[in-house]
Amino acid sequence: MINEIKQDAEVRMNKSLEAMRDAFKKVRTGRANPAILDGITVSYYGTDTELSQVANIFVEDGRTLTLNPWEKPMIPVIEKAILKSNLGITPSTSGDTIRIPMPALTEETRKDYIKQAKSEAEKGRVSIRNIRRDANGQLKDLLKEKEISEDEERQAEDQIQKLTDKYIANVESLLAEKEKDLMQV
């Protein structure tokens, strides 16, 4: 019973960490990264479709993304979707290719992106702490129902706290890595 609670908590904490990693992918650095376009959808024959499903996306050089739509009529639709995404990037088209140059980051935009990254990290920490609270609540319920002893509950709470500390340390290391990435010129 206790092991199930710990395993569930660990699985949920891992999902929180993955969600934070995905959020960090959307925080733009000065370099071209196809993950920046994740989440942008275009209308493809009346269905909202991920951009990666209607075009090949690849890094042309360190600061330019290139998109090759599979169908020529999709070019203006893709351009419009990128402009609407509020990522601060402007596509330019030449023939069948859409190029997205990544503008260099100013000191001010770097600081804004660091604030955004810190906000995402805080959401991750809060999520992990909520999972710890849920797990400890389940342990207290087991204690009330006399399915476990107080010593077992205390030991399990200590183990869950160690798990929480491990995942919060992971959040901190990911945040430090992202800050370093953002501050590189």
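Residues numbered from 1 in each chain as written. Predicted model: local features only at pLDDT ≥ 70, side-chain atom pairs only at ≥ 80, totals over all residues. Heavy atoms only, no water.

The strands that make up a sheet pair up through hydrogen bonds in the backbone, lying either parallel or antiparallel. One open sheet holds the 4 strands; their spatial order is 3-4-6-5, and the pairing between them is antiparallel. Here the strands that pair on one side only, and so sit at the sheet edges, are strand 3 (55-61) and strand 5 (92-94). Strand-to-strand twist in this sheet, taken as the mean axis angle between neighbours without regard to direction, amounts to 25 degrees. Sheet analysis places strand 5 next to strand 6 (residues 97-101), joined by 3 bridges and oriented antiparallel. Looking at the pairing, Thr93 lines up with Ile98 of strand 6. Against the sheet, helix 2 (residues 74-84) engages strand 3, strand 4 (64-69), strand 5 and strand 6, with an angle of about 140 degrees to strand 4. (Pairing = 2+ DSSP bridges. Helix = DSSP H or I, 4+ residues; strand = E, 2+ residues; numbered from the N terminus. Axes fitted to C-alpha atoms, helices over the stretch in contact; angles between N-to-C directions. Contact = heavy atoms within 4.5 Å.)

Here we take up the nonpolar core. Residues Met20, Phe24 and Leu139 are the most contacted members of the largest nonpolar core, which totals 23 residues. Secondary-structure elements contributing two or more residues to this core are helix 1 (2-26), helix 3 (107-144) and helix 4 (150-183). The element best represented in this core is helix 4, accounting for 8 residues. Non-local contacts of Phe24, meaning those with residues more than four positions away in its chain, are made with Ala117, Glu120, Ala121, Leu174, Leu175 and Lys178. Core analysis: the second largest hydrophobic core is formed by 20 residues, Leu37, Leu65, Ala81 and Leu87 among them. (Core = buried A, V, L, I, M, F, W, Y, C linked by side-chain atoms within 4.5 Å. Buried < 20%, exposed > 50% of the residue type's maximum accessible area, 1.4 Å probe, protein only.)

For the rest of this paragraph, the subject is the environment of Ala104. Summarising the element assignment, Ala104 is placed in the loop between strand 6 and helix 3. Exposure remark for Ala104: the relative accessible area of 60% places this residue in the exposed category.

With 25 residues, helix 1 should reach 36 Å at 1.5 Å per residue; the first-to-last C-alpha distance of 37 Å fits that figure. Along helix 1, the positions that sit buried rather than exposed are Ile2, Ile5, Lys6, Ala9, Met13, Ser16, Leu17, Met20, Ala23 and Phe24. Those residues of helix 1 that are buried are in contact with helix 3 and helix 4. (Expected span 1.5 Å × (residues − 1).)

This structure, assessed with the given rule, holds 15 salt bridges. The closest approach of N and O atoms between Arg99 and Glu60, which form a salt bridge, is 2.9 Å. Here Glu60 lies in strand 3 and Arg99 lies in strand 6, a separation of 39 residues in the sequence. Residue Arg99 is classed as partly exposed on the basis of its relative accessible area of 31%. In this structure, Glu120 and Lys123 form a salt bridge, with 3.7 Å as the shortest nitrogen-oxygen distance. A residue pair is termed a helical-turn pair when its members lie 3 or 4 positions apart in one helix, as Glu120 and Lys123 do in helix 3 at 3 residues. (Salt bridge = Lys/Arg side-chain N within 4 Å of Asp/Glu carboxyl O.)

Now for helix 3. Between its first and last C-alpha atoms helix 3 spans 55 Å; for 38 residues at 1.5 Å apiece the expected length is 56 Å, and the two agree. Count one or two residues on from helix 3 and you reach Lys146, which has phi positive near 60 degrees.

Where helix 1 contacts helix 4, the axes come no closer than 11 Å and their chain directions differ by 10 degrees. The angle between the axes of helix 1 and helix 4 places the two elements in the roughly parallel class. Here the residues of the contact of helix 1 with helix 4 are counted per class, giving 14 nonpolar, 4 polar and 6 charged. (Parallel < 35°, antiparallel > 145°, perpendicular 65-115°, else oblique. Nonpolar A, V, L, I, M, F, W, Y, C, P; charged D, E, K, R; others polar.)

Before going further, it helps to examine the pairing of strand 4. Counting buried positions along strand 4 gives 5 out of 6 residues, so the element sits mostly inside the fold. As paired elements, strand 3 and strand 4 share 6 bridges and run antiparallel to each other. Bridge pairing links Ala55 to Pro69 in strand 4. Between strand 3 and strand 4, which pair antiparallel and follow one another directly, the connecting turn spans 2 residues. Here strand 4 runs beside strand 6; their pairing, made up of 4 bridges, is antiparallel. Considered in strand 6, the bridge of Thr64 is made with Pro101.

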